[in-house]
Amino acid sequence: LDHCGVPAIKDREMHPWKENVTEIARRPNVAVKISGITAYGNPDNWTAADMRPYVEHCITSFGWDRVVWGGDWPVVTLGSSLSTWVAATHALIETASHSEKEKLFSKNAKRIWKI
């Protein structure tokens, strides 16, 4: 599921996005990519806090074994710089364990895409 399922972050809409993500996550063969969501926030002043409920719902729904992170160049530039997205991601997962961060940033992608 690309871009966290394209949530309406700018409008702070959670429904029906939240229920749809939960439903999709019930399929064990689907993973979610935490990427590109800065493009869906307010381009002038989004914050990591704006992104948090969407990222957390994706991680909660799919679990740490079915999430991957993406820089999503060049789409990321619609809402931020790549370095800003990287910093926001680190802020969003600051309480995650080292193992969970490894899964998000590399291990899951290597396993899923067999690389």
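These notes cover the structure that comes with them. (Residues numbered from 1 in each chain as written. Predicted model: local features only at pLDDT ≥ 70, side-chain atom pairs only at ≥ 80, totals over all residues. Heavy atoms only, no water.)

## Focus on the environment of valine 32
As for its placement among the helices and strands, valine 32 is situated in strand E1 (residues 32-34). Taking the relative accessible area as the measure of exposure, valine 32 reaches 1% and is therefore buried. Sequence separation between valine 32 and isoleucine 59 is 27 residues; the distance between their C-alpha atoms is 8.2 Å. When sequence neighbours within four positions are dropped, the list of residues in contact with valine 32 reads Leu1, Cys4, Cys58, Phe62, Arg66, Val67 and Val68. (Helix = DSSP H or I, 4+ residues; strand = E, 2+ residues; numbered from the N terminus. Buried < 20%, exposed > 50% of the residue type's maximum accessible area, 1.4 Å probe, protein only. Contact = heavy atoms within 4.5 Å.)

## A short note on helix H2 (residues 48-62)
Relative to the 21 Å expected for 15 residues at 1.5 Å per residue, H2 spans 20 Å between its end C-alpha atoms, a close match to the ideal helical length. Of the residues making up H2, those classed as buried are Ala48, Asp50, Met51, Tyr54, Val55, His57, Cys58, Ile59 and Phe62. (Expected span 1.5 Å × (residues − 1).)

## As for the pattern of salt bridges
Under the defined criterion, the tally for this structure stands at eight salt bridges. Residue arginine 52 is joined to glutamate 56 by a salt bridge in which the shortest nitrogen-to-oxygen separation is 3.3 Å. One end of the pair, arginine 52, and the other, glutamate 56, are both in helix H2, four residues apart, so they sit about a helical turn from each other. Here the residues in one salt-bridge network are Asp2, Lys33 and Asp72, joined through shared partners. (Salt bridge = Lys/Arg side-chain N within 4 Å of Asp/Glu carboxyl O.)

## Focus on helix H3 (residues 82-92)
Considered for burial, the residues of H3 that qualify are Trp85, Ala88, Thr89 and Leu92. The buried residues of H3 occupy an angular sector of 100° when the element is viewed end-on, so they sit on one face. Structurally, H3 contributes buried residues whose contacts are with E1, H2, strand E2 (67-69) and helix H4 (98-112). (Arc of directions from axis to C-beta.)

## Digging into the nonpolar core
Side chains of nonpolar character tend, in soluble globular proteins, to be buried together. Ile34, Ile37, Cys58, Trp64 and Val67 are the most contacted members of the largest nonpolar core, which totals 26 residues. Ranked by residue count, the leading element in this core is H2, at seven residues. Excluding residues that lie within four positions of it along the chain, cysteine 58 makes contacts with Cys4, Trp17, Val21, Val32, Ile34, Gly63 and Val67. (Core = buried A, V, L, I, M, F, W, Y, C linked by side-chain atoms within 4.5 Å.)

## What about a nonpolar patch on the surface?
A grouping of Ile112, Trp113 and Ile115 is seen on the molecular surface, where their side chains present a nonpolar patch of about 350 Å² in accessible area. Structurally, the position occupied by tryptophan 113 is in the segment after H4. Looking at tryptophan 113, the relative accessible area reads 53%, which means it is exposed. (Patch = residues over 30% accessible without salt bridge, like charges linked within 9 Å, V, L, I, M, F, W, Y side chains within 5 Å. Areas by Shrake-Rupley, 256 points an atom, 1.4 Å probe, with all protein chains shown as cover.)

## A few points about the packing of aromatic side chains
All chains considered together, the criterion is met by three aromatic pairs. When the centroid spacing of 5.2 Å and the interplanar angle of 65° are considered together, the rings of tryptophan 17 and tyrosine 54 count as edge-to-face. Of this pair, tryptophan 17 sits in helix H1 (residues 17-25) while tyrosine 54 sits in helix H2, and the two are 37 residues apart along the sequence. Residues tryptophan 69 and phenylalanine 105 carry aromatic rings whose centres are separated by 5.7 Å and whose planes lie at 65° to one another, so their mutual orientation is edge-to-face. Of this pair, tryptophan 69 sits in strand E2 while phenylalanine 105 is found in helix H4, placing the two residues 36 residues apart along the sequence. (Phe/Tyr/Trp six-rings, centres within 6.5 Å; stacked < 30°, edge-to-face > 60°.)

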